[in-house]
Amino acid sequence: RVLVQFPVTSISSDRTAGNIPASGSVNFYLKLYNAETSKTVPKNYTLTVKPVSQSWQEGSGLDLENYLDYTVGNTGSNWVQRQKNDNGSISNWVEEGGDYLTASNFEQVFESGLEDLEVDVTILMEEWMAGTYSNYGFGISLSASQEITASYNLTGAADSFYTKRFFARGTQYFFKKPVIEARW
């Protein structure tokens, strides 16, 4: 799973300044770029993009060499915790795996597994800019039947044999960073 959030207030400011057209004259696309891996890439699967319904905290993530989760009990979000509070207490997701709005879900099919993610998220971006929903970012995941079985997903797969990676905002490749692209 992936959590990603963009500064919608600055996009709104760009609209106010006339740099981005008014609602109805522009489409917004969430774009994440495929990061090659030496691991086996899945084929013929669907990723779902859902709006996150609670705040969360960016952490160090997963060590992809030793598969150690650096956020367990530390700063950041993982499958169970969404943030470590200033007083040292941990706030957990209501549902393991993350809490999402169900009103605006988007999907993309990956045939070869090497594709970039590109979904039209115009409806949600306009709702965030209008203040209809709070911007807590996007959650990106496999379908429940394709994710590995866990306490919250008893119908999932028994094992995971694949690795799909996207470039993150910290990548050295500027043009591979996740973006919200405005098209008009």
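Preceding this section is the structure that the text describes.
The following refers to the structure shown.

What counts and how
Residues numbered from 1 in each chain as written. Predicted model: local features only at pLDDT ≥ 70, side-chain atom pairs only at ≥ 80, totals over all residues. Heavy atoms only, no water. Buried < 20%, exposed > 50% of the residue type's maximum accessible area, 1.4 Å probe, protein only. Helix = DSSP H or I, 4+ residues; strand = E, 2+ residues; numbered from the N terminus. Arc of directions from axis to C-beta. Pairing = 2+ DSSP bridges. Axes fitted to C-alpha atoms, helices over the stretch in contact; angles between N-to-C directions. Contact = heavy atoms within 4.5 Å. Salt bridge = Lys/Arg side-chain N within 4 Å of Asp/Glu carboxyl O.

**Quick look at helix α1 (residues 8-16)**
Listing the buried residues of α1 in full gives Val 8, Ile 11 and Arg 15. An end-on view of α1 places all buried positions within 60 degrees of arc, on one side of the element. Seen from the buried face of α1, the exposed residues on the opposite side, beyond 90 degrees, are Thr 9 and Thr 16. Just past α1, the residue Gly 18 takes up positive phi, approximately 85 degrees.

**Remarks on the sheet that holds strand β3 (residues 45-51)**
Spatially, β1-β10-β3-β8 is the arrangement adopted by the four strands of the open sheet, whose pairing is antiparallel. At either end of the open sheet lies a strand with only one pairing partner, and these are β1 (2-4) and β8 (106-110). Averaged over all neighbouring strand pairs, the angle between strand axes comes to 20 degrees, with direction disregarded. Here five bridges tie β3 to β8, and the two strands are oriented antiparallel to one another. Paired with Thr 48 across the bridge in β8 is Glu 107.

**So, the sheet that holds strand β11 (residues 179-183)**
Strand order in the open sheet formed by three strands is β9-β2-β11, with antiparallel pairing between adjacent strands. Of all strands in the sheet, those bounded by a partner on one side alone are β9 (117-120) and β11. Each strand of the sheet is rotated relative to its neighbour by a mean of 25 degrees, with strand direction disregarded. Here strand β2 (residues 27-32) runs beside β11; their pairing, made up of five bridges, is antiparallel. When the sheet's bridge partners are listed, Phe 28 is paired in β11 with Ala 182. On top of the sheet, helix α2 (residues 122-130) reaches β2, β9 and β11; it is set at about 110 degrees to β2, its chief contact.

**Brief notes about unusual backbone geometry**
With a phi close to 50 degrees, Asn 44 is a non-glycine residue in the positive phi region. Structurally, Asn 44 can be placed in the loop between β2 and β3. Classification of Asn 44 by relative accessible area gives exposed; the value is 60%.

**Side note on the pattern of salt bridges**
For the coordinates displayed, the defined rule picks out six salt bridges. In this structure, Lys 31 engages Glu 118 in a salt bridge whose closest nitrogen and oxygen atoms are separated by 4.0 Å. You can see Lys 31 sitting in strand β2 and its partner Glu 118 sitting in strand β9, a full 87 residues away along the chain. Using a relative accessible area of 13% as the deciding quantity, one classes Lys 31 as buried. The partner of Glu 181 in a salt bridge is Lys 31, with the nearest N and O atoms 3.4 Å apart. Remark: Lys 31 occurs in strand β2 and Glu 181 occurs in strand β11; sequence separation between them is 150 residues.

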